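Each chain is listed here by its residues.
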2 protein chains.
Amino acid sequence: MAAVSSSYCCNLGKKFNSNLKKEQRFGDSNTGNLQLKNHPKLFLEGLRTSNIIAKSSIASEVRKINSYESRNLDITHGNLTMGELLNDGLVYQRHFLVKSYESGPDKKMTMFFIINQLHESKLNHLKSCGLVTTGLGTTPEMTKRGLIWVVHKLQVVVDQYPSWNDIVQLQTWSCFYGKNSYRRDWIVRNYKTGQVLIRASCFYVLMNRNTRKLSKFYDEMKEEMNPHFLKSDPIIEEENIISTKLDVDAKGCNCTSLVTRLSDLDMNHHVNNASYINFILEGTPRWMLESHRLSTVTVKYLKECGVDKILQSLSMPIQNDVISNGNYLVKENYIKLHHSIVSEGIELVRATTLWTPYSI
Amino acid sequence: MAAVSSSYCCNLGKKFNSNLKKEQRFGDSNTGNLQLKNHPKLFLEGLRTSNIIAKSSIASEVRKINSYESRNLDITHGNLTMGELLNDGLVYQRHFLVKSYESGPDKKMTMFFIINQLHESKLNHLKSCGLVTTGLGTTPEMTKRGLIWVVHKLQVVVDQYPSWNDIVQLQTWSCFYGKNSYRRDWIVRNYKTGQVLIRASCFYVLMNRNTRKLSKFYDEMKEEMNPHFLKSDPIIEEENIISTKLDVDAKGCNCTSLVTRLSDLDMNHHVNNASYINFILEGTPRWMLESHRLSTVTVKYLKECGVDKILQSLSMPIQNDVISNGNYLVKENYIKLHHSIVSEGIELVRATTLWTPYSI
């Protein structure tokens, strides 16, 4: 089923693009270069415009598909739930409905489920592009060298949280980033209004599957991955995490202990990257969770962790902090926290969060 | 958006039924009585048959809808993700794709996410039927008396777990049950093969919203709910939970301590019913989780619980147990466990699980 959907998605992606007029497309199908001015804001607009134009193509495609009766209805289901490829497969798009169990007590989608949905769309995009050999996102050259991609850093900026029952539209693509890594970007919109709700970027580095040591991004691999990468500016200004480790004994440091559970693990028997967000929230003072909204989170993943580990989730407010980042909601009342998740003295995760009062 | 989808679903449900021949329908649209022989097996077949017939109707409906361009594409998305009503709204049906984060290390959907999906479909069914006043599933008479429905007991029988990327079909409906409660049933199938994967039943009782005391199911409410209830036999033989409390000091009793987290809570600030399944699994010996598959779970909910509570998850094997239930996988090697979740000496949940070896 997965194979059928994937190849179908690829074909559909091409059909979409052939229906779009050249000047209205936001990327060149052969090179992935942006033809519009290479600016995040314009890029966002470009994606939105191409999407509106693509809608009528989707309608006509779905109309055609349904004439093949039930087998093709099956594929339609697959398409609408698995998502579709745009711009010759460089951009993956999916719609989903926010469920009750994905929502917190404020009836807004939780950061945990937002990150899970981002990760899920990445897997679907890679599968749709056929970038699956021994692992997800691996190329033949990577497999030969025993290398895999691991998440180094994740940044999520929430302008507005999707609510329970909202239909949201997610778009994602990848770019080269620096010498030895690549970046994946996401934009999440309210499907009805088109309003941008969430922007996110994730930075991946190469690791040897056996030695767990970081590796160089060899030219052969870059050539293999080039056809799948879009050339675009970042949609979030990258934030660097502080270089010093949090001190549990420092004044103002909040510490919560917890034990990792079976349900925190992913399919690789490691604590799921999204679960660390729950650990970070457990280590955030309760009064802040009640009065403030989590607007931005930047997480740096340092070490993997398994089940039954005793963790300390530390948090500490940063005062007199100057934020020059135009993407942040810079308010007088914002609070910025630094976080650290530690197990047996070893730091697993270091993070920064930005909080804005519910009253704003 | 939700309101549009709901009314649309209702209309679509009626259209489906008007397209089905009378003798092929499994229920009477006016009374909800089964016209086929009132037997679980036949009932299952009936649902399956009506569904196959409905497929071509879905195709033609979707074809019509898409001619209205983007606004209606929006509704199509809503329909395919929100689900649809069958048999004049008595049965709710939805399809979903099993996601990576819903899957455990064995790449099978976890019991936690299965239960969350069941609960989600219940909410969608109630909303589609308009049974939402002050709370979900409440009628005007219930609101007048300050009553709400609470889950008393949940039974889930898994014949085969859905795998990551499977498209599954879920159908659910409600029936009167005894004097003072009602039952909701679910059937989950592999959408491609039609194979029944999961059957589940949940039993609800009335509670006063303020006093938290159980209440009688008054005749006025029964009249209000009658049009929404199907008359059908159970799809699982009901299992009664043992009446004695587990003793933590008894020989063979396994005890795991844990603390409830913010992420365990639902929108009502109580521990989510599905989270207790994770607590039950934490209290199950690890060797069993590695060698056996959870086939059946029956959970009785006794008390609500909030965040930061220290819990003990107890489990104890039951030997020489005779199971006469035809629905169970009765194997020589099966293991049956009794469970109890306790907080400060108060029992919150009592449960039974049945485990079959992975080798079978």
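Residues numbered from 1 in each chain as written. Chains lettered and ligands numbered in written order. Predicted model: local features only at pLDDT ≥ 70, side-chain atom pairs only at ≥ 80, totals over all residues. Heavy atoms only, no water.

For clarity, the threshold we go by: UniProt positions are given in the numbering used here, feature names are shortened, and annotations may be inferred rather than shown by experiment.
Looking up chain A in an unreviewed UniProt entry gives the name Acyl-[acyl-carrier-protein] hydrolase, with the organism given as Cucumis melo var. makuwa. The heading Subcellular location (unreviewed entry) in the UniProt record of chain A holds the text "Plastid, Chloroplast". Its UniProt record, at the heading Function (unreviewed entry), says of chain A: "Plays an essential role in chain termination during de novo fatty acid synthesis."

## Quick look at the overall build of chain A
Note the cut-off: The numbering of helices and of strands both runs from the N terminus, where a helix is a DSSP run of H or I of at least 4 residues and a strand a run of E of at least 2. Accessible area is worked out with a 1.4 Å probe on protein chains only. A residue is then buried under 20% of its type maximum, exposed over 50%, and partly exposed in between. Residue exposure ignores everything except the shown protein chains as possible cover, and the areas themselves are Shrake-Rupley values with a 1.4 Å probe.
Of the regular secondary structure elements, chain A holds 8 helices and 12 strands. When each of the 360 residues of chain A is scored for burial, the buried share is 59%. On chain A, roughly 14900 Å² of surface is accessible, and the fraction owed to carbon and sulfur atoms is 51%.

## Some points on the environment of Tyr161 of chain A
Residues and elements named next belong to chain A. Worth spelling out the cut-off: Any two residues whose heavy atoms approach within 4.5 Å are treated as being in contact.
Relative to the helices and strands, Tyr161 resides in the loop between strand 3 (147-158) and strand 4 (167-177). Of the residues examined, Tyr161 reaches a relative accessible area of 11% and is grouped as buried. Residues Tyr161 and Lys108, spaced 53 residues apart in sequence, show a C-alpha to C-alpha distance of 5.9 Å. With residues up to four places along the chain from it excluded, the contact list for Tyr161 reads Lys108, Met109, Met111, Ile114, Arg293 and Leu294.

## Comments concerning the pairing of strand 5 (residues 181-190) of chain B
Where a strand is regular, its side chains alternate between the two sheet faces. All names here are of chain B. So the rule is basically this: DSSP calls a pair of strands paired once it identifies at least 2 bridges connecting them.
With 10 of 10 residues buried, strand 5 lies mostly within the body of the structure. Where burial is concerned, the two faces of strand 5 agree: the one with Ser181, Arg183, Asp185, Ile187 and Arg189 and the one with Tyr182, Arg184, Trp186, Val188 and Asn190 are both buried. By the bridge criterion, 10 bridges tie strand 4 (residues 167-177) to strand 5 in an arrangement that is antiparallel. In the strand pairing of strand 5, Ser174 is matched with Arg184.

## Some points on the pattern of salt bridges
Counted only if it meets this: Salt bridge, as used here, is a side-chain nitrogen of Lys or Arg placed within 4 Å of a carboxyl oxygen of Asp or Glu.
If you walk through the whole model with that rule in mind, you get 26 salt bridges over all chains. For Arg145 of chain B, the salt bridge identified is with Glu141 of chain B, shortest N-O distance 3.1 Å. With a gap of 4 residues between them, Arg145 of chain B and Glu141 of chain B both fall in helix 5 (residues 140-145), about one helical turn apart. The partly exposed category is assigned to Arg145 of chain B, whose relative accessible area is 31%. On the basis of relative accessibility, which here comes to 12%, the residue Glu141 of chain B falls in the buried class. Residue Glu220 of chain B is joined to Arg145 of chain B by a salt bridge in which the shortest nitrogen-to-oxygen separation is 3.7 Å. Placement of the pair is Glu220 of chain B in helix 6 (residues 219-225) and Arg145 of chain B in helix 5, with a sequence separation of 75 residues. Shared partners join several salt bridges into a network, and the residues in it are Glu141, Lys144, Arg145 and Glu220 of chain A.

## Points about unusual backbone geometry
Residues and elements named next belong to chain B. In this model, Lys107 sits at a positive phi of 65°, which is unusual for a non-glycine residue. Within the secondary structure, Lys107 sits in the loop between strand 2 (91-97) and helix 4 (111-128). With a phi angle near 50°, Glu344 is a residue other than glycine that sits in the positive phi range. For Glu344, the position within the fold is in the loop between strand 11 (335-343) and strand 12 (346-357). The class for Glu344 is exposed, based on a relative accessible area of 69%.

## Some points on the side chain of Ser100 of chain A
When you line up the elements, Ser100 of chain A lands in the loop between strand 2 (91-97) and helix 4 (111-128). What makes Ser100 of chain A buried here is its relative accessible area of 7%. Ignoring anything within four residues of it in the chain, the contact list for Ser100 of chain A reads Trp164 of chain A together with His119, Glu120, Leu123 and Met267 of chain B.

## Quick word on the confidence of the model for chain A
All names here are of chain A. Where we set the bar: Known as pLDDT, the predictor's confidence for each residue is given on a scale from 0 to 100.
Within chain A, residue pLDDT values average 76, and 71% of them lie at 70 or more. Helix 7 (residues 275-282) holds the highest mean pLDDT among the elements of chain A, 98, whereas helix 1 (residues 2-19) holds the lowest, 31. Residue range residues 1-80 is modelled with pLDDT below 50. Its contacts to residues more than four positions away, or to other chains, number 138 contacts. A low-confidence stretch, residues 320-331 (pLDDT under 50), is modelled with 25 contacts involving residues beyond four sequence positions or located in other chains.

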